[in-house]
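Coordinates in review
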Amino acid sequence: GLSDGTETLPVPGREFAEQLREPPAPVELPDPDHPGLAWTRNTRIHRIFNNSSTLAELDIPEVREAYLARELGDGKANTVMLSGTLVRHAVPARREAMLVSVSNIVASLHRRGIKVFDHIDLTLLGGYGIGNRLILDNPEIQRRDLNRLVSNQICLVNPAWRGHLLDELERKVASGVDAL
């Protein structure tokens, strides 16, 4: 260990064995002037739900409409950030039900002229639903820090996980949300 002199800390600025490389492709961002993004320039955001919501709280139409009228009745918000069950990909038994819940909420908000973006945490996994089992069964999908230590998060660029993530994103877009 460090106390007996057999290990040394890296020299600041020289923590890596070789020069860091640039990613092989540039990060692509949408054109900020695209007409489809015009709504993002004048957003007044209101958040509904908390991170641990099941999304089923508003499954009954009368309850959903009363809640939205109470939360958004003042007209101050034109955009809603939808939170709740941020790690939906780790709860496959409720996947379809949550998609229906989101679709119904989005439809109600759109009728009010309100845009919706869905707040999700695609990298989180451990400790939620089947997350720990998925990590134990598939350790290659875990994100690792600079010291190569594993975490309870998923590596977004891992080929073993990328297909699943793209499927999740397509399903979320199909629910009618305006942004992720």
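Remember, predicted model here, so these are calculated numbers, not experimental data.

Description of empty space enclosed by the protein
Where empty space is left can be seen by rolling a probe of water-molecule size over the atoms. Here the structure, examined in full by the defined rule, presents one cavity of 30 Å³ or more. Of the volumes computed, that of the largest cavity is approximately 120 Å³. In terms of lining, the largest cavity is formed by Arg88, Arg95, Met98, Leu99, Val102, Asp118, Glu168, Arg171, Lys172 and Ser175. It is helix α2 (residues 95-111) that provides the largest number of residues to the lining of the largest cavity, a total of four residues. The residue makeup of the lining of the largest cavity, split by class, is three nonpolar, one polar and six charged.

A word on the sheet that holds strand β1 (residues 45-48)
Within a sheet, neighbouring strands are paired by backbone hydrogen bonds and run either parallel or antiparallel to one another. The strand order across the open sheet formed by three strands is β1-β2-β3, and the pairing between neighbours is parallel. In this open sheet, the two strands that pair with only one neighbour each are β1 and β3 (115-118). Ignoring which end each strand starts from, the neighbouring axes of this sheet average 25 degrees apart. Of the strands in this sheet, β1, β2 (79-82) and β3 are in contact with α2, which crosses β3 at around 155 degrees.

Definitions and limits used
Residues numbered from 1 in each chain as written. Predicted model: local features only at pLDDT ≥ 70, side-chain atom pairs only at ≥ 80, totals over all residues. Heavy atoms only, no water. 1 Å grid on protein atoms, 1.4 Å probe; cavity = no way out; pocket = protein on both sides within 12 Å on 5 of 7 lines; lining within 4 Å. Points joined across faces, edges and corners; volume = space filled by probe spheres on them. Helix = DSSP H or I, 4+ residues; strand = E, 2+ residues; numbered from the N terminus. Nonpolar A, V, L, I, M, F, W, Y, C, P; charged D, E, K, R; others polar. Pairing = 2+ DSSP bridges. Axes fitted to C-alpha atoms, helices over the stretch in contact; angles between N-to-C directions. Contact = heavy atoms within 4.5 Å.

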